[in-house]
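What follows is each chain in one-letter form.
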Amino acid sequence: MPRLSPEDIIIRPVLTEKTWRAIENEGKYTFEVHPDASKPEIKRAVEDLFGVVVEKVWTARVKGKPRRTRLDRRYGRTRSWKKAVVKLAPGHKIDLVG
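Structure report, in brief. Treat the numbers as computed from the prediction; the structure is a model and nothing was measured. (Residues numbered from 1 in each chain as written. Predicted model: local features only at pLDDT ≥ 70, side-chain atom pairs only at ≥ 80, totals over all residues. Heavy atoms only, no water.)

**Some words on the overall build of the protein**
Helix and strand content of the protein: three helices and six strands. For the protein, the N- to C-terminal ordering of α and β elements is α-β-α-β-α-β-β-β-β. Principal axes of the C-alpha set define a box for the protein whose edges measure 50 × 35 × 25 Å. Counting the 98 residues in the protein, one finds 30% classified as buried. In the protein, the proportion of contacts linking residues at least 24 apart, taken out of those at least 6 apart, comes to 59%. (Helix = DSSP H or I, 4+ residues; strand = E, 2+ residues; numbered from the N terminus. Buried < 20%, exposed > 50% of the residue type's maximum accessible area, 1.4 Å probe, protein only. Contact = heavy atoms within 4.5 Å.)

This is how it looks when you write it as structure tokens:
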């Protein structure tokens, strides 16, 4: 597999109440990442894209949830995706809003 670019690895930030709390209290940022990306690739991508120092990376595969379709009452699933939680070194921040 060819090496992924940082723009291909980091798909989007995950912004929920829980992730905002983690950003404010612990300096941990959550991203949706490419399913084939490894922890060192994710670390390198965050450092390159945002100009910060990453201390640690956690990853998890989020399984799609079953959902019933509206009209025919059949079951489908939401999509599965990969999540990465990144802890930054003290004094580093990422501006996700701007």
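**Some details on a nonpolar patch on the surface**
Taken together, the side chains of Leu 15, Trp 20 and Val 97 make up a nonpolar region of the molecular surface, amounting to roughly 290 Å² of accessible area. Here Val 97 is to be found in the segment after strand E6 (81-88). Among the residues examined, Val 97 registers a relative accessible area of 70% and is labelled exposed. (Patch = residues over 30% accessible without salt bridge, like charges linked within 9 Å, V, L, I, M, F, W, Y side chains within 5 Å. Areas by Shrake-Rupley, 256 points an atom, 1.4 Å probe, with all protein chains shown as cover. Salt bridge = Lys/Arg side-chain N within 4 Å of Asp/Glu carboxyl O.)

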